[in-house]
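The lines below spell out each chain.
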Amino acid sequence: MRRWQDLCSLVALGHEVHVVVCDPSNERTPELDRIASSVTLLRSDQIRPGTPRWLASRVFNPSSLALAYPNLGGLREAVARTVAGINPDLIWAEELFAVLLSPEGAPLVHSHLDFHHKLQSVRSRSFASKRLRRPRALSAKRLEKLEIDVCARSSHTMCASKSEAEHLQNLGISASYLPVTGPTTAQPDYGTLSTGRFFLFGNPNTAMRAARHDLRSRVWPEVERRGLELEMHQLGKTPREGGDPSWDWLQERFTVHGFVEDLGDVLLPGDASIMPYPFDTGGRAKFAVSAGYGVVNIAYETTFECSEEFTDGVDCLAARDPAHFAELMNEFASDAALRLRLARGSRSVYERHFTMEALYPEYERILGIACNPRTKAIGCTY
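Keep in mind that this is a model prediction, so the values were computed, not measured.

J.: Explain the layout of surface pockets to me, please; I cannot follow it from the model alone.
T.: It is a probe the size of a water molecule, rolled over the atoms, that shows where empty space is left. The space that makes up the second largest pocket amounts to roughly 290 Å³. The wall of the second largest pocket is formed by 14 residues, among which Ser102, Pro103, Glu104, Leu108 and Arg153 lie closest to the centre. Residue assignment for the lining of the second largest pocket shows that the elements contributing at least two residues are helix 6 (95–101) and helix 8 (140–153). Its residues assigned to classes, the lining of the second largest pocket comprises seven nonpolar, four polar and three charged.

Quick look at the structure:
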């Protein structure tokens, strides 16, 4: 969603955007061809069995290996040739791997979603596994250094998290915050106000697995202690079989919708999107998406640190701890006037901060910072 948002925003502002896709898992689409000035698909070289590269690919965790040795499949040379043929004024690199593959020369904006070293910490703290796993090619300390160095080398880093942008700024790195939004959503019909349903909304990833674990182990005992009868729903792609130890527990208590193409077919204004994720890592795209439908975000105070736009009690509910989380869910489910007020507040925040159109000036400001070294220094203060 972030990649599509960036592409569409830059094109809407009148810029010529050439897309280079590195080692794609999906083929190009007619819509991508229509919007981009050109699309180039690059695939990694075949690695011959028995070679050192082949052995490394069998020994180490694939994602960490790609960050430690991004040119393992020869993509860096292929990217350099493609970029030389385009001769761009600026490179817009989506996430860390793309920055590591980008040639030097043109100014570079690093579109940043997550710090991988922080996600590793969440995985180890939230769900230990006894299964044997391939070792990582980078230690946590080396990975953190790599990620900070990449941000420092970039002309500007655009973060999906407000708190992480501030962290980089405090290190003297040119960075700013721009949330993930997605396509603009039509005004919801408040006449169809929800009866107080709760959605655990999101696709399988580290944050959602940690949220399900927290819900099961810390929040749900508080729900049961209070004897609450809550209408619980799951929304988003389901994890692979055996991929989440909390999934069987969830299926017994939730209505499972799985992936839904049009969220408006399921979500109602006054529904709640719960995110019991007690960490501050990356941005929460679901905050903006939910707000567009007049859905109210309920999360921990820590979870909201990535997003400065929301105000507890005005357009969201922020819990101090698991007991408070259950208390807020009870208040929300039992008070229709509260649901309507927060739903309207949530949509109002969306219209002010989370439509693609509202963020166009920020994209132009970021381009100005990246392309003007004098402006870049000023950008560190944002």
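Following the structure, the description resumes.
J.: I would appreciate a short explanation of helix 9 (residues 162–170) in the present structure.
T.: When helix 9 is considered as a whole, its buried residues turn out to be Lys162, Ser163, Glu164, Ala165, Leu168 and Gln169. Positive backbone phi, approximately 80°, marks Gly172, located one or two places after helix 9.

J.: Please explain the sheet that holds strand 5 (residues 156–159) as it appears in this structure.
T.: The strands that make up a sheet are held in pairs by hydrogen bonds between backbone atoms, and each pair lies either parallel or antiparallel. Read across the sheet, four strands follow the order 3-4-5-6 without closing on themselves; strand pairing throughout is parallel. In this open sheet, the two strands that pair with only one neighbour each are strand 3 (91–94) and strand 6 (175–177). The sheet shows a mean angle of 20° between the axes of neighbouring strands, direction not considered. Where strand 5 meets strand 6, three bridges bridge the pair, whose relative direction is parallel. Residue pairing in the sheet places Met158 in a bridge with Ser176 of strand 6. Strands strand 3, strand 4 (108–112) and strand 5 of the sheet are contacted by helix 1 (residues 2–12), whose axis makes an angle of about 160° with strand 3.

J.: Looking at this structure, how should I read helix 13 (residues 322–334)?
T.: A turn of α-helix holds 3.6 residues, and therefore any two residues three or four places apart point the same way. Along its 13 residues, helix 13 runs 19 Å from first to last C-alpha, staying within 8% of the 18 Å computed at 1.5 Å per residue. Those residues of helix 13 that fall on the buried side of the exposure criterion are Pro322, His324, Phe325, Ala326, Leu328, Met329 and Phe332. Among the residues of helix 13, the N-terminal cap falls to Asp321, whose side-chain oxygen and the backbone nitrogen of Ala323 are separated by 3.2 Å.

J.: I keep staring at the pairing of strand 3 and nothing clicks. Help me out?
T.: Along a regular strand, successive side chains alternate from one face of the sheet to the other. Here strand 3 shows a buried face lined by Ile91 and Ala93 and a second buried face lined by Trp92 and Glu94. With respect to chirality, the unit in which strand 3 leads through helix 6 into the neighbouring parallel strand 4 is right-handed.

J.: It is not clear to me how unusual backbone geometry should be interpreted in this structure. Could you clarify?
T.: Leave glycine aside and you will find that most residues have negative phi; peptide bonds, for their part, are mostly trans. In this structure, Asp23 is a non-glycine residue whose phi angle is positive, near 50°. Tracing the chain through its elements places Asp23 in the loop between strand 1 (18–22) and helix 2 (30–35). One non-glycine residue, Glu95, adopts positive backbone phi at about 75°. The topology assignment puts Glu95 in helix 6.

J.: Before we go on, may I ask you to explain the environment of Glu309 in this structure?
T.: With respect to the helices and strands, the residue Glu309 is situated in the loop between strand 11 (296–300) and strand 12 (316–319). Ignoring sequence-local partners within four residues, the contact set of Glu309 consists of Tyr177, Pro179, Asp315, Val349, His353 and Phe354. A polar contact of 2.8 Å, which involves the side chain of Glu309, links it to the side chain of Tyr177. A polar atom in the side chain of Glu309 sits 2.5 Å from the side chain of Ser307.

Conventions and cut-offs
Each chain has its residues counted from 1, running along the sequence as written. Predicted model: local features are reported for residues with pLDDT of at least 70 only, side-chain atom pairs are reported and counted for 80 or more only, and whole-chain, interface and lining totals are derived from all residues. Side-chain measures here rest on the full set of heavy atoms in the structure, leaving out hydrogens and waters. In this analysis a 1.4 Å probe is tested at points of a 1 Å grid over the protein atoms alone, and where it fits but cannot get out there is a cavity; an open set with protein on both sides within 12 Å along at least five of seven lines is a pocket; lining residues have an atom within 4 Å of a point. Grid points are joined across faces, edges and corners, and a volume is the space filled by probe spheres set on the points. The numbering of helices and of strands both runs from the N terminus, where a helix is a DSSP run of H or I of at least 4 residues and a strand a run of E of at least 2. Just so you know the grouping, Ala, Val, Leu, Ile, Met, Phe, Trp, Tyr, Cys and Pro go in nonpolar, Asp, Glu, Lys and Arg go in charged, and all remaining residues, Gly too, go in polar. Only protein chains enter the accessibility calculation, which uses a 1.4 Å probe; a residue is then buried when its area is under 20% of its type maximum, exposed when over 50%, and partly exposed in between. Any two strands are treated as partners once DSSP identifies two or more bridges connecting them. Every axis corresponds to a line fitted to the C-alpha atoms, with the helix fit spanning only the stretch in contact, and the corresponding angles, defined between N-to-C directions, vary from 0 to 180 degrees. For this analysis, residues touch if any pair of their heavy atoms sits within 4.5 Å. Expected helix span is computed as 1.5 Å times (number of residues minus one). As used in this structure description, the phrase polar contact means that two N or O atoms lie within 3.5 Å; if the pair is within protein, one of them must be able to donate a hydrogen and the other to accept it, and residues adjacent in sequence are counted only when both atoms belong to side chains. Think of it like this: strands point away, you trace from the first strand over the helix to the second, and a clockwise trace means the crossover is right-handed.

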